[in-house]
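Each chain, letter by letter, is given below.
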Amino acid sequence: MAQAASKTCEICVSASGSHYCLECEQYFCENCKGFHKRQRVTKHHQFQSSSDVIPEGKSKCKDHNEDVSFVCNTCNVAVCSSCVTGSHLGHAFSKLLDSISQLKETNTTDLRSKVHEATQNMKQIEEGLKAFDVKVEGIVKAITEEGTKIKTMVDKCISEKIASVKDQSRKERDKLTKLLEDTQMDLKAGRDLDKKIHELNKTRNDGKLLQSLQKLTDYIAKLTSATDNDVKQLFGNYIISEMRTQQTMNRERELPSPKSDYKQEVNTKERGRYLWKCKKCGKEERSDK
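Residues numbered from 1 in each chain as written. Predicted model: local features only at pLDDT ≥ 70, side-chain atom pairs only at ≥ 80, totals over all residues. Heavy atoms only, no water.

As recorded by an unreviewed UniProt entry, the protein chain carries the name B box-type domain-containing protein and is attributed to Mytilus edulis.

In structure tokens form, the structure reads like this:
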């Protein structure tokens, strides 16, 4: 049996065993190798460098304690030469080294095929991940753009509503301011008339006083001022149109519809501008004149 550590020729047992016969599983020197290759039976044996041989001992048959060198293909076990002619007689056999070489080649081919398949699958997965990321980015971009459009529309709608409310409130405020100014004029005129009454009370009781009092009566009758109802109606005219919350709209659906749908509007009258009129010429004069 070959000794891997010494690597001595197992034929002449003197020279260095630099060659290893794969079929015989023996180390040969250069001369013994040449003699081995010239024999008719062994001339086709394959050699390799002894330095490439893995230092392992040969397997032994458990039944005959001989080196196993064959494979029983029927039983799929390694056997020795005694097994071939004994318990495995008539079975199909192949050389152990041939079976090992074939299995190595088959395993190498299958492994390379699996590696190639795994590599292709990995490439497909990587490409799929890239395509997936691109689709996700497209969806996110579309959502962002749509959200921006909606936000722009909402901002525009809010701006228009605020501008409408401010414009409407300005108009109503102008009406209230005008009413306030007219009322202030009425109040001033009333105070002036009160002073005239106070002065007339100091004069003597005669026909002239009677005539003056009658004129004051006419002036007081013509003196007008904004009533509480006028103020309420004017404030009631302030309506924020088209500004309804969802809760208000739901409440309106539950309430019965009114018989008529109209907005009560009050036109501000000019009040207190002219306080008295001359009976002779018909000319109207302001109270502050």
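Next, the rest of the story.
This part covers the overall build of the protein chain. Scanning the protein chain from terminus to terminus reveals six helices and eight strands. Reading the protein chain from its N end, one meets helices and strands in the order β-β-α-β-β-β-α-β-α-α-α-α-β-β. Considering the protein chain as a whole, with its 289 residues, one finds that 17% of them fall into the buried category. For the protein chain, contacts bridging at least 24 residues in sequence account for 42% of all contacts bridging at least 6. A total of about 22600 Å² of accessible surface is found on the protein chain, and carbon and sulfur atoms cover 54% of it. (Helix = DSSP H or I, 4+ residues; strand = E, 2+ residues; numbered from the N terminus. Buried < 20%, exposed > 50% of the residue type's maximum accessible area, 1.4 Å probe, protein only. Contact = heavy atoms within 4.5 Å. Areas by Shrake-Rupley, 256 points an atom, 1.4 Å probe, with all protein chains shown as cover.)

Let us look at unusual backbone geometry. The phi dihedral of E25 is positive, around 55 degrees, even though this residue is not glycine. Tracing the sequence through the fold places E25 in the loop between β1 (19-21) and β2 (26-28). Of note in the backbone geometry, N65 takes a positive phi value of approximately 60 degrees without being a glycine. The topology assignment puts N65 in the loop between β3 (47-49) and β4 (70-72).

Here we come to a nonpolar patch on the surface. Together, I150, V154, I158 and I162 line one region of the surface with nonpolar side chains, adding up to about 330 Å² of accessible area. Inspection of the secondary structure puts I162 in helix α3 (residues 96-200). (Patch = residues over 30% accessible without salt bridge, like charges linked within 9 Å, V, L, I, M, F, W, Y side chains within 5 Å. Salt bridge = Lys/Arg side-chain N within 4 Å of Asp/Glu carboxyl O.)

With that settled, the discussion passes to α3. Across its 105 residues, α3 extends 151 Å between first and last C-alpha, which sits within 8% of the 156 Å expected from 1.5 Å per residue. Taken residue by residue, α3 has L96, S99, Q168, E172, L179, D182, D186, A189, L193 and L200 as its buried positions. (Expected span 1.5 Å × (residues − 1).)

What follows covers the sheet that holds β2. The strand order across the open sheet built from three strands is β2-β1-β3, with neighbouring strands paired in antiparallel fashion. Among the strands making up the open sheet, the edge pair consists of β2 and β3. Mean inter-strand twist for the sheet, computed between neighbouring axes without regard to direction, equals 35 degrees. As paired elements, β1 and β3 share three bridges and run antiparallel to each other. Of the residues in β3, the one forming a bridge with C21 is F47. (Pairing = 2+ DSSP bridges. Axes fitted to C-alpha atoms, helices over the stretch in contact; angles between N-to-C directions.)

All right, on to the sheet that holds strand β5 (residues 77-79) then. In a beta sheet, neighbouring strands are held together by backbone hydrogen bonds and run either parallel or antiparallel to one another. Strand order in the open sheet formed by three strands is β5-β4-β6, and the pairing between neighbours is antiparallel. In this open sheet, the two edge strands, each paired with only one partner strand, are β5 and β6 (93-95). Averaged over neighbouring strand pairs, the angle between their axes works out to 35 degrees when direction is ignored. Where β4 and β5 come together, three bridges link them in antiparallel fashion. Each bridged residue has a counterpart across the sheet, and for F70 the counterpart in β5 is V79.

Summed over the entire model, instances satisfying the criterion amount to two aromatic pairs. Between F28 and F47, the ring centres sit 5.4 Å apart and the planes meet at 80 degrees, which makes this aromatic pair edge-to-face. With F28 in strand β2 and F47 in strand β3, the pair connects residues that are 19 residues apart, well separated along the chain. Note on F47: relative accessible area 18%, which makes it buried. (Phe/Tyr/Trp six-rings, centres within 6.5 Å; stacked < 30°, edge-to-face > 60°.)

One pass over the full model with this rule turns up seven salt bridges. Residue D167 is joined to R170 by a salt bridge in which the shortest nitrogen-to-oxygen separation is 2.8 Å. A residue pair is termed a helical-turn pair when its members lie 3 or 4 positions apart in one helix, as D167 and R170 do in helix α3 at three residues. Accessibility expressed as a relative area gives 43% for R170, which makes it partly exposed.

Before going further, it helps to spend a moment on the nonpolar core. C61, V68, V71, C72, V79, C80, C83 and L96 form the largest nonpolar core, which has eight residues in total. Not counting residues up to four positions away in its chain, the partners in contact with L96 are V68, S69, F70, V71 and A78. C9, C21, C29 and C32 belong to the second-largest nonpolar core, a separate cluster that totals six residues. (Core = buried A, V, L, I, M, F, W, Y, C linked by side-chain atoms within 4.5 Å.)

The next thing to look at is the state of the cysteines. Under the criterion given, the structure shown has zero disulfides. The structure places no disulfide on C12, whose sulfur is separated from the nearest cysteine sulfur, that of C9, by 3.6 Å. Residue class for C12 comes out partly exposed when judged on its relative accessible area of 33%. Free cysteine: C24, not disulfide-bonded; nearest cysteine sulfur from C21 at 3.7 Å. (Disulfide = S-S within 2.5 Å.)

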